[in-house]
Amino acid sequence: GSAKSFTAWQNELLTRNIKSGQLLVTHRDFSDDESGPTVRQLLQDNINSGIVTVGNENDALSVEELALLEYGGENDGLAARVAQEVGATALFLLNDKGGVYDNHEQELGQVEESEWASILLMAQNRSARSEKGTGGVFAKVTAAIAAASAGIDAYIDRAGTPVEQIIAGDTGTHFVANKS
């Protein structure tokens, strides 16, 4: 769960003398309708203070409510939303398998906007065959496309892969940002 994940991040960041804080959030928390600071303001305050925010979807909501959310209630979609809110230039979506694989089990390297629809359909078909429920490659591809559509380079790769290798295109799948 969330507590173990945050503690792991917190401990790792502490070894580098970086402060961190956990934020449980839903997509509706980005609304400016609430009284008090918005998630957008809290994220920006943390950035300005040198605090890394470790965000996680607030799983206290029911699966039905999560399914109705614009981005599907996934942490991947939430990460894409946060990246947009803070004006990120890159989004890294990590898993235990690596990048996105084509139908011949070849890892896709760079994916341009003209390929997004076919990659999304392929990911959707794979997720429909999965028994793991929500998430997986479809959620990651959907989030990557949302980020890239907003002008953010999105990368899907294996957790633990050095960022330099991911950015260099040595590994994983890069959804090239739409710069228009």
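Preceding block: the structure.
A brief report on the enclosed structure follows. If you're wondering where the values come from, they're calculated on a predicted model, not measured in any experiment.

1. Let's talk about the nonpolar core
When a protein is soluble and globular, its nonpolar side chains tend to lie buried together. In this structure, Leu91, Val100, Ile119, Val141, Ile156 and Phe175 are the most contacted members of the largest nonpolar core, which totals 22 residues. Every element with two or more residues in this core is listed here: α4 (75-86), β3 (90-95), α5 (116-129), α6 (136-149) and β5 (153-158). At seven residues, the largest contribution of residues to this core is made by α6. The contact partners of Leu91, leaving out residues within four places of it in the chain, are Ala79, Ala80, Ala83, Ala143, Ala147, Ile152, Asp153, Ala154 and Tyr155. Counting six residues, the second-largest nonpolar core is a separate cluster that includes Leu23, Val25, Leu43 and Leu78.

2. Observations regarding the pattern of salt bridges
Following the criterion strictly, the structure yields five salt bridges and no others. Across the pair Glu85 and Arg40 runs a salt bridge, and its minimum N-O distance is 2.3 Å. Residue Glu85 is located in helix α4, and its partner Arg40 is located in helix α2 (residues 39-49); the two are separated by 45 residues in the primary sequence. The class of Arg40 is partly exposed, set by a relative accessible area of 28%.

3. With respect to α6
For α6, built from 14 residues, the straight-helix expectation of 20 Å at 1.5 Å per residue is met to within 8% by its first-to-last C-alpha distance of 20 Å. Every buried residue belonging to α6 is among Ala139, Lys140, Val141, Ala143, Ala144, Ile145, Ala146, Ala147 and Ala148, and all of these are buried.

4. Things to note about the sheet that holds strand β4 (residues 110-111)
Taken in spatial order, the four strands line up as β3-β5-β6-β4 in an open sheet, and their pairing is mixed. Every other strand in the sheet has two partners, leaving β3 and β4 as the edge strands with one partner each. The sheet contact formed by β3 and β5 spans six bridges and is parallel. Of the residues in β5, the one forming a bridge with Leu93 is Ile156.

5. Examining the environment of Thr7
Position of Thr7 relative to the elements: it lies in helix α1 (residues 2-14). As for Thr7 and Gly21, which are separated by 14 residues in sequence, their C-alpha atoms are 9.8 Å apart.

6. Side note on the packing of α4 against α6
Running from N to C, α4 and α6 cross one another at 15°; their axes reach a closest spacing of 8 Å. Comparing their axes, α6 and α4 come out roughly parallel. In terms of crossing hand, the pair formed by α4 and α6 is right-handed. Counting all contacts with α4, which are made through Asp76, Gly77, Ala80 and Gln84, the residues of α6 involved are Gly136, Ala139, Lys140, Ala143, Ala146 and Ala147. Per-class residue counts for the contact of α4 with α6 are five nonpolar, three polar and two charged.

7. Focus on the environment of Asp96
Along the chain, the position of Asp96 falls in the loop between β3 and β4. On the basis of relative accessible area, Asp96 is assigned to the exposed category, the value being 62%. Each C-alpha atom, one on Asp96 and one on Gly160, is 8.9 Å from the other, the two residues being 64 residues apart in sequence.

Definitions and cut-offs
Residues numbered from 1 in each chain as written. Predicted model: local features only at pLDDT ≥ 70, side-chain atom pairs only at ≥ 80, totals over all residues. Heavy atoms only, no water. Core = buried A, V, L, I, M, F, W, Y, C linked by side-chain atoms within 4.5 Å. Buried < 20%, exposed > 50% of the residue type's maximum accessible area, 1.4 Å probe, protein only. Helix = DSSP H or I, 4+ residues; strand = E, 2+ residues; numbered from the N terminus. Contact = heavy atoms within 4.5 Å. Salt bridge = Lys/Arg side-chain N within 4 Å of Asp/Glu carboxyl O. Expected span 1.5 Å × (residues − 1). Pairing = 2+ DSSP bridges. Axes fitted to C-alpha atoms, helices over the stretch in contact; angles between N-to-C directions. Parallel < 35°, antiparallel > 145°, perpendicular 65-115°, else oblique. Left-handed = near helix turned anticlockwise from the far one by under 90°. Nonpolar A, V, L, I, M, F, W, Y, C, P; charged D, E, K, R; others polar.

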